[in-house]
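Chains, contacts and geometry: an overview
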Amino acid sequence: MAREPVAIQQQLVPFAESAPADDLQVETIGDDVLIGDPELDNNPETDSTFDENLAEEMSDKELNSAASELIGYYNNDREARSEWEERYKKGLQTLDPDGGMDESEDERATRGLSIVVHPMIAEAATQFNAKAIAELYPSGGPVKTVIVGDPSEELEEQARRVREYMNYQITQEMPEYFPDLDQMLFHLPLVGQTFKKVWWDSNMDRQCSQFVKAEDFVVAPESKDLYTSPRYTHVIRMPKNDYNRYVQSGYYLPSTDKGGDLDPSGDTIGEIEGVDQYADDSQDEVMTLLEMHVYHSFEEEDTDDENAVAIPYVVTVDYDNESIVSIRRNWREEDELKKRRDWFVSYKFLPGLGFYGFGLYHLIGGLGKAATGSLRALLDSAAFSNMQGGFKLRGRVSGGEVQVSPGEFVDLDATVDDVNKAIMPLPFKEPSGSLFSLLGYIVDAGQRFASTADLNVGDVNPNAPVGSTVALIEQGSKAFSAIHKRLHYAQGQEFKLLADLNAENLPEQFTFSLIGGESEVYAADFNERIDILPVSDPNIFSTAQRIAQAQAVLQMAQSAPDMHDMYAAYKRMYEAIRIPNIDEILVKPADAPMLDPIDENMSVMYGKPIKAFIEQDHDSHIAVHMQFLSDPSLAGNPGAAGMQPVLVAHVAEHIALLYRTRMEASIGVPLPTIPDLREKDFQFDDINPDLDRLISQRAAQVVQEAPEMKKIASIQPKGQKQDPLQYAKQLAQLEAEALKARTESQIAADQAKAQSSIEIKKAEAQQDMEIDAAKAQADLQAKVMKLEAELQLEREKNAAKIQIEAMKNG
């Protein structure tokens, strides 16, 4: 297992027993405090492990001296950014009804005045968050990979493993990544600067990515950027119980409580944010730790050298008790140059005048206050206009406040005959139209700057070129486009830190589960051959722009389908509109199998691809396909119109392969391997000049001796040299004509045979019908005769009965 990274407050790792170091000395050289034992060798690995807590080997005196110096550095750094913090606090107040204006909100509420805050800045932050989160965290995962150098099958497979694992890691193994990213993208436009901290947590046995507020990250005032900063501090607030767990594991030293409370958060910010973290220490005591990434000289051998070079350490200070609880080396163990390792990534909204960036608070905070003031004035004016107040003479009108319901007349106890002489309302006017227009102007100005005035696509002319629509979108989102590039760059740096941690901490082979099966990744996959990038496009900053570009590609592909891959054009359009499971609705062109001609005809009817192969019997295939095309039963079928172009093109493939096969057999020289003609980017390879000369000479000799070529030569102009390539083309034409003639004669013979068979079957059917009719006639006559005989017998019986009855009566 690779070593655990340092400089992380969440690590819980066991450390080896360390020998006491009471004889360590402290000496000050310039601005640096050198702490160490001159008798020790300069190699840190001499008496200790690389990742141990060096504070365990130092005396309390040395630790207290270093702590005092480092806390002084931190206080100076924080004081240097006081103006930025003040702007940050005022910006937070623009979102808070309790501090948004100069006047006390409680007093305004008591007087019945409005305390509403205009949501202009909140709206801009919300829309920025919605746009950015969709680009930086798509549903398929935020990571893509790029091969550095010439691609190969091995590198492509490695890139696939890295991409699949990191997307699985971020979306499945790191459940805090999305909530932290979502919260960060809301803070970023407001404050202008946020940070992400990336580390390997030995408790959870995985890497983590944590959102760090700008108020909790303090840099040296001379810093230009994060990577060249000489010193920066992460303010960590940790419950006392969690800290004790780290102490128990050996990661931090026990902290002696001196009873102080030196919370560096500036308690005002916590109050503005609506969280009082220190309201009841007895219920949940919170410690404040300063994790300082500094250059120091804790282990230098020669402390008297004024030119001693400080090296990077991570020092954790208990700020409340002014004591150091952890000192760890902050470079790679194998790095002889001892370069500092950075565990933080800086996300910036807009560049500021110093290290910290500017946000909406800094740039349009004044417009936000003006919008809030205008809105409050409008609401207050409407309230006073609807609920008027004024003056009344004391004692002249009794009864106090009078409430009048609609349609009601109320009695007044007045000593004057004219009520107007005792009561005078103040001349409150209705809300001013100018004030309303001013509010609209202020809001429009703020929205233009924040790029929240989205283009209404429904108002765009649908017949306008797609490029015009894209230009309109880009014109309205220039500011966001630049911000998106900064986010893309910062997220790329974050992914590189994650990849480095994977290379150090993953086992040699790791298996993980994906939808549809399992996959595996290797620690060695995370090397310099594969570049890790965000899947977001730095040049595309919104869904509307992506759809417009995909639509432009599709329109151009439809106008020139022979020059475009239609499948790729439609797939890009589906991806732009975020359609899931595209393969379920978009059929990918498949490789055609080798089939017999009958199944090929059926495949065309089902819309399946067909292909001619060099080893097939081309004469037979062509004959079957030509008969299928000339079948009279299909001639009137509307579906046949779509099949004919496909079959004609397929027959042309067979004719081309037939020509190649016959020429190859005639010249007696094997031709180069033929490419796959169905590939969209197929091309013939360059032939060897010697082989080209041999094939050309043999082919010219063969075509000159062929009877067909004699016919061709007879129509060539005399006195001109015959071109073998032209001969070959004309030979192919003659072959096609001969084949067509043979096919037509065969079709005619088949049709005659079929007609004869039909006539024979018709005669047989006619004869059978006549026999059946005669038989039916005979049967009918027999039945009639039998019926007549039965009737005659019945008449005779009836006559006999009549005679007998007559004799009896006579």
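Analysis parameters
- Residues numbered from 1 in each chain as written.
- Predicted model: local features only at pLDDT ≥ 70, side-chain atom pairs only at ≥ 80, totals over all residues.
- Heavy atoms only, no water.
- Phe/Tyr/Trp six-rings, centres within 6.5 Å; stacked < 30°, edge-to-face > 60°.
- Lys NZ or Arg CZ within 6 Å of the ring centre and 35° of its normal.
- pLDDT = per-residue confidence, 0-100.
- Contact = heavy atoms within 4.5 Å.
- Helix = DSSP H or I, 4+ residues; strand = E, 2+ residues; numbered from the N terminus.
- Expected span 1.5 Å × (residues − 1).
- Buried < 20%, exposed > 50% of the residue type's maximum accessible area, 1.4 Å probe, protein only.
- Pairing = 2+ DSSP bridges.
- Axes fitted to C-alpha atoms, helices over the stretch in contact; angles between N-to-C directions.
- Core = buried A, V, L, I, M, F, W, Y, C linked by side-chain atoms within 4.5 Å.
- Patch = residues over 30% accessible without salt bridge, like charges linked within 9 Å, V, L, I, M, F, W, Y side chains within 5 Å.
- Areas by Shrake-Rupley, 256 points an atom, 1.4 Å probe, with all protein chains shown as cover.
- Salt bridge = Lys/Arg side-chain N within 4 Å of Asp/Glu carboxyl O.

Regarding the packing of aromatic side chains
Centre distance and the angle of the planes are the two values used to describe a pair of aromatic rings. A full pass over the atoms with the stated rule returns 22 aromatic pairs. Of the aromatic side chains, those joined through ring pairs into one cluster are W84, F195, F217, Y232, F344, F355 and Y356. When the ring centre of Y73 is taken as reference, the NZ or CZ atom of R231 above it lies at 4.8 Å. Taking the ring centre of F355 as reference, the NZ or CZ of K348 above it sits at 5.8 Å.

Focus: the confidence of the model for the chain
On average, residues of the chain score 74 in pLDDT, and 68% of them reach the 70 mark or higher. Below a pLDDT of 50 lies the segment residues 1-47, which in the model reaches 138 contacts outside its immediate sequence neighbourhood of four places, other chains included. Note that residues 452-460 has pLDDT below 50 and, in this model, eleven contacts with residues that lie over four places away or in other chains.

A closer look at helix 5 (residues 153-173)
Helix length check: helix 5, at 21 residues, gives a terminal C-alpha distance of 29 Å against a target of 30 Å (1.5 Å per residue), a fit within 8%. When we look at burial in helix 5, the residues that qualify are L155, Q158, A159, R161, V162, Y165, M166, N167, Y168, Q169 and I170.

Here's the deal with the sheet that holds strand 10 (residues 323-329)
Sheet architecture is open: five strands sit in the order 6-7-8-9-10, paired in antiparallel fashion. Sheet topology places strand 6 (217-219) and strand 10 at the edges, where each strand pairs with a single neighbour. Going across the sheet, the axis of each strand differs from the next one's by a mean of 20°, ignoring polarity. Set on the sheet, helix 1 (residues 60-80) makes contact with strand 6, strand 7 (231-239), strand 8 (286-296), strand 9 (311-318) and strand 10; between it and strand 8 the angle comes to about 90°. Running over the sheet, helix 7 (residues 240-249) touches strand 7, strand 8 and strand 10 and is turned about 110° from strand 7.

Some points on the sheet that holds strand 4 (residues 193-201)
The sheet built from three strands is open, its strands ordered 5-4-11 with antiparallel pairing. On the outer flanks of this sheet lie strand 5 (206-213) and strand 11 (344-348), each paired with one strand and no other. With strand direction ignored, the average angle separating the axes of adjacent strands in the sheet is 20°. As judged from the five bridges shared by strand 4 and strand 11, these two strands associate in the antiparallel manner. The partner of F195 across the bridge, within strand 11, is S346. Across the face of the sheet, helix 6 (residues 177-191) comes into contact with strand 4, strand 5 and strand 11 while running at roughly 20° to strand 5.

Topic: the environment of Q127
Mapped onto the secondary structure, Q127 falls in helix 4 (residues 120-136). Note on Q127: relative accessible area 22%, which makes it partly exposed. Linking Q127 and P189, residues 62 residues apart in sequence, is a C-alpha distance of 10.0 Å.

Some details on the nonpolar core
L185 and L487 are the most contacted members of the largest nonpolar core, which has 62 residues in total. Of the residues forming this core, the biggest block, eight residues, is contributed by helix 12 (residues 478-505). Dropping the residues within four chain positions of it, L487 is found in contact with F128, A132, L136, L185, L188 and Y347. One finds M58, A66, M238 and F298 within the second-largest nonpolar core, a separate group that totals 34 residues.

Comments concerning the environment of L226
Position of L226 among the secondary structure elements: in the loop between strand 6 and strand 7. For the pair L226 and D342, spaced 116 residues apart in sequence, the C-alpha separation works out to 8.5 Å.

Looking at the side chain of T233
In this fold, T233 is placed in strand 7. If we ignore the near neighbours within four places in the chain, the residues touching T233 are Y74, D216, F217, V218, L290, E291 and M292.

A closer look at unusual backbone geometry
Although it is not a glycine, E322 adopts a positive phi angle of roughly 55°. Position of E322 relative to the elements: it lies in the loop between strand 9 and strand 10. Within the chain, K338 stands out as a residue other than glycine whose phi angle is a positive 55°. Checked against the element boundaries, K338 lands in the loop between strand 10 and strand 11. When its relative accessible area of 23% is taken as the criterion, K338 is described as partly exposed.

Side note on helix 1
Relative to the 30 Å expected for 21 residues at 1.5 Å per residue, helix 1 spans 30 Å between its end C-alpha atoms, a close match to the ideal helical length. Every buried residue belonging to helix 1 is among E62, L63, A66, A67, E69, L70, I71, Y74, D77 and R78, and all of these are buried.

Details of a nonpolar patch on the surface
Together, I598, M602, M605 and Y606 give the surface a local cluster of nonpolar side chains, amounting to about 460 Å² of exposed area. Mapped onto the elements of the fold, Y606 is located in the loop between helix 15 (597-605) and helix 16 (618-629).

Thoughts on the pairing of strand 10
One face of the sheet, then the other: side chains in a regular strand alternate in exactly this way. With seven of its seven residues buried, strand 10 lies for the most part within the structure. As paired elements, strand 9 and strand 10 share six bridges and run antiparallel to each other. Looking across to strand 10, one finds that V317 is bridged to I324. Counted between consecutive antiparallel strands, the loop separating strand 9 from strand 10 contains four residues, among which E322 sits at a positive phi close to 55°.

Comments concerning the pattern of salt bridges
For side chains of opposite charge, pairing can occur when their charged atoms come near one another. Per the stated rule, a full pass over the model turns up 16 salt bridges. Across the pair R332 and E504 runs a salt bridge whose closest N-O atoms are separated by 2.3 Å. You can see R332 sitting in the loop between strand 10 and strand 11 and its partner E504 sitting in helix 12, a full 172 residues away along the chain. Assessed through its relative accessible area of 27%, R332 is described here as partly exposed. Given the relative accessible area of 13%, E504 is considered buried. The salt bridge partner of R341 is E504, with a shortest N-O separation of 2.8 Å. In this pair, R341 sits in the loop between strand 10 and strand 11 while E504 sits in helix 12, placing the two residues 163 residues apart along the sequence. Exposure remark for R341: the relative accessible area of 9% places this residue in the buried category. Within this structure, R332, R341, D500 and E504 form a network of salt bridges that share partners.

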